[in-house]
Amino acid sequence: MKRMVVIGGGILGASTAYHLSEKGFKVTVVDRKDKGQATGAAAGIICPWLSQRRNKAWYAMVKEGAAYYRELIPRLNKAGEEDHGFRQTGAVCLHADSVKRDKMLNRAIEKRENAPEIGQLMPIGKAEVQKYFPYLNREFEGLFVEGAARVDGAKLRDSLLSAAAKLGANIIYDHADLAIEEGSVKGVTVSGEFFQADCVIVAAGAWAKELFAEENIDIDVTYQKAQILHLQIEDETDDWPVVIPPGDQYLLAFEGGRLVAGATHENDVPMDDRLTVSGIREVFDKATAIAPALDRAEFVEGRVGYRPFTPGFLPVIGEFPGITNLLFANGLGASGLTSGPFLGAELARLAAGEETVLDLSPYSPEVLLK
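Numbers given to residues run from 1 along each chain, matching the order in which its sequence is written. With the structure being a predicted model, the display of local features is reserved for residues of pLDDT at least 70 and the display and counting of side-chain atom pairs for 80 or more, all residues being used for whole-chain, interface and lining totals. Side-chain descriptors were evaluated using all non-hydrogen atoms of the structure, hydrogens and water having been removed beforehand.

A. Here's a closer look at the pattern of salt bridges. Salt bridge, as applied in this entry: a Lys or Arg side-chain nitrogen positioned within 4 Å of an Asp or Glu carboxyl oxygen. The full count for this structure, using the stated rule, is 22 salt bridges. Here Asp102 ties to Arg101 by a salt bridge, and the two come within 2.8 Å at their closest N and O atoms. Residue classification places Asp102 among the partly exposed residues on the basis of a relative accessible area of 31%. The salt bridge partner of Glu301 is Arg303, with a shortest N-O separation of 3.1 Å. Its relative accessible area of 28% is what places Glu301 among the partly exposed residues. Accessible area is worked out with a 1.4 Å probe on protein chains only. A residue is then buried under 20% of its type maximum, exposed over 50%, and partly exposed in between. Residue classification places Arg303 among the partly exposed residues on the basis of a relative accessible area of 24%. Several salt bridges share partner residues, and in doing so they unite Arg87, Arg150, Asp239 and Glu255 into one network.

Right under this line is the structure:
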């Protein structure tokens, strides 16, 4: 039986471990549980189809990622992992005027030809938006996207790791060092113990640069800090849709009156895990600009996460250049919960020598080496 070691237990590493375990490999996951892991902080919006980003390779990846949930969630349910944090609630996408809203609708209709999971698309007038999310003001036109969903990143990660463990995966919370000899990775060392591997998969997010620096390899992986706020209200919010206003902010409603507002996009700041006055103010101000009634909500907690980025803001996935038996994936950025589960399945296919769904040539890790 081939042995696989996965470094990193976020959404990408957890998915990789689960899919490798399903294929019958002997799997070890090593994760340091660093503060600020993007997966643990994130509340994910699964609605990539309306993005105006023009990069076709990025869209191909996130489109497949969104579609893959239809396959993954029933499998997790069957495995007894029903507390996975995923729910298809739809999304309300807001625009200041009907002309821009209708342009968004037309783009979505066109994309639905190749992405039927988008589902129904329903324009919403200013007088109707509060029927979908009662705290919104009536200054925006809306578009309801039936196929959109929300996901709690920590719950989905834990479900994937639990399902992998049921299939025999070994989950270790510690630091791993790569064991590289003559241009080939032989395994990892964890607290002095060597774990031999036929293949090592590095899915270490914002901490991958540090891992490779220990081997005197400089890779171009950066990060962006995000501050995310959790609020509590009295309403029943289980079925409320995701709210996507213009710009880079969002509102999500989870069960039990929990609302999540996010997020900041902070570059060139230290990994200090601090919630800052400026960050909190920015998120509160933008949230209450579209939903003024949230002024009365209870502030429960704030979370900090570090989104990993690779050159061109396009994720990389594939064989690490110059080192055999080493696979690498990184740079999922703000779309990590959309693409992470699917890319974990792709990594498992690569490790198993199987054909991938995507043509991975646009995502080559070659760009990492300076």
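Having seen the structure, we can now continue with the description.
B. Broad picture of the packing of aromatic side chains. What counts as a ring pair is set by centres within 6.5 Å for rings of Phe, Tyr and Trp (its six-membered ring), and what kind of pair is set by the plane angle: stacked under 30 degrees, edge-to-face over 60, tilted for all other angles. Per the counting criterion, the structure on display carries twelve aromatic pairs. An angle of 90° between the planes, with centres 6.4 Å apart, marks the rings of Trp207 and Tyr306 as edge-to-face. Placement of Trp207 in the loop between strand S13 (199-202) and helix H7 (208-213) and of Tyr306 in strand S18 (residues 298-309) is noted, with a sequence separation of 99 residues between them. Neither residue differs from the other here; Trp207 and Tyr306 are each classed as buried. A centroid spacing of 5.8 Å and a plane angle of 70° characterise the contact between Phe284 and Phe299, whose relative ring orientation is edge-to-face. A helix here means a DSSP run of H or I that spans at least four residues, while a strand means a run of E at least two residues long, and both kinds are numbered starting from the N terminus.

C. Spatial organisation of the side chain of Thr16. By the element assignment, Thr16 lies in helix H1 (residues 11-22). For Thr16, a relative accessible area of 0% translates into the label buried. Two residues form a contact once any of their heavy atoms are found within 4.5 Å. Setting aside anything within four residues of it in sequence, one finds Thr16 in contact with Val6, Ile201, Gly344, Leu347 and Ala348.

D. Quick look at the packing of H1 against helix H3 (residues 56-78). Structural elements are reduced to axes, namely lines fitted to C-alpha atoms, with helices fitted over the stretch in contact, and the angle between N-to-C directions of any two is expressed from 0 to 180 degrees. For the pair H1 and H3, the least separation of the axes is 13 Å and the interaxial angle reads 65°. Judged on the interaxial angle alone, H3 and H1 are roughly perpendicular. Seen from above, H1 lies across H3 with left-handed handedness. Counting all contacts with H1, which are made through Tyr18, His19 and Glu22, the residues of H3 involved are Tyr68, Leu72, Arg75 and Leu76. Residues that form the contact of H1 with H3 fall into these classes: four nonpolar, one polar and two charged. By the definition adopted for this analysis, an angle is roughly parallel if under 35 degrees, roughly antiparallel if over 145, roughly perpendicular if from 65 to 115, and oblique otherwise. In this scheme the handedness of a crossing depends on how the near helix is turned from the far one: anticlockwise by less than a right angle means left-handed, clockwise means right-handed. Amino acids are sorted into nonpolar (Ala, Val, Leu, Ile, Met, Phe, Trp, Tyr, Cys and Pro), charged (Asp, Glu, Lys and Arg) and polar (every other residue, Gly among them).

E. Broad picture of helix H9 (residues 336-352). Working rule for helices: expected span equals 1.5 Å times residues minus one. Compared with an ideal rise of 1.5 Å per residue, which puts 17 residues at 24 Å, H9 spans 23 Å between its outermost C-alpha atoms and is within 8% of the ideal. Burial analysis of H9 places 15 of its 17 residues in the buried class, the great majority of the element.

F. Structural view of the sheet that holds strand S3 (residues 43-46). By the convention used here, strands pair only if DSSP detects at least 2 bridges between them. As summarised here, the arrangement of the three strands in space is S3-S8-S4, forming an open sheet in which the pairing is antiparallel. Every interior strand has two partners, whereas the edge strands, S3 and strand S4 (86-87), have only one. Of the pairings in the sheet, the one linking S3 to strand S8 (residues 149-152) comprises four bridges and is antiparallel in character. Directly across from Gly44, in S8, lies its bridge partner Val151. Contacts from H9 reach S3 and S8, with the element oriented near 80° to S3.

G. Structural context of the side chain of Thr338. The residue Thr338 is located in helix H9 in this model. Classification of Thr338 as buried rests on a relative accessible area of 5%. For the purposes of these results, a polar contact is taken to be a pair of N or O atoms within 3.5 Å, where, inside protein, one atom must be able to donate a hydrogen and its partner to accept one; residues adjacent in sequence count only when each atom of the pair is a side-chain atom. Within the local environment of Thr338, its side chain forms a polar contact with the backbone oxygen of Ile45, the two atoms lying 3.3 Å apart.

H. Molecular detail of the pairing of S8. With burial as the criterion, each face of S8 is covered, one bearing Ala149 and Val151 and the other bearing Arg150 and Asp152. Relative to S8, S4 is paired through two bridges, and the arrangement is antiparallel. Of the residues in S8, the one forming a bridge with Arg87 is Arg150.

I. A look at the sheet that holds strand S9 (residues 170-173). Taken in spatial order, the six strands make up an open sheet running S9-S2-S1-S13-S20-S19, and their pairing is mixed. Sheet topology places S9 and strand S19 (316-319) at the edges, where each strand pairs with a single neighbour. Strand after strand, the sheet turns through a mean of 15° between neighbouring axes, direction not considered. Of the pairings in the sheet, the one linking strand S1 (residues 3-7) to S13 comprises four bridges and is parallel in character. Bridge pairing in S13 places Met4 opposite Cys199.

J. Structural view of the environment of Met1. With respect to the secondary-structure elements, Met1 resides in the segment before S1. Since its relative accessible area comes to 75%, Met1 is described here as exposed. Residues Met1 and Asn77 lie 76 residues apart in sequence; the distance between their C-alpha atoms is 27 Å.

K. Main features of the environment of Gly9. Assignment of secondary structure puts Gly9 in the loop between S1 and H1. Separated by 196 residues in the primary sequence, Gly9 and Gly205 place their C-alpha atoms 9.5 Å from one another. Discounting residues that sit within four places of it in the chain, Gly9 has contacts with Ala14, Val29, Asp31, Arg157 and Leu161.

L. Focus on the nonpolar core. Here, nonpolar core refers to any group of buried Ala, Val, Leu, Ile, Met, Phe, Trp, Tyr and Cys residues whose side-chain atoms link them within 4.5 Å. Formed by 73 residues in total, the largest nonpolar core has its most connected members in Leu20, Val27, Trp49, Val145 and Ile201. Top contributing element to this core by residue count: H3, with eleven residues. Non-local contacts of Trp49, meaning those with residues more than four positions away in its chain, are made with Tyr59, Ala66, Lys111, Ala115, Glu117, Ile118, Val145, Gly147 and Ala148.

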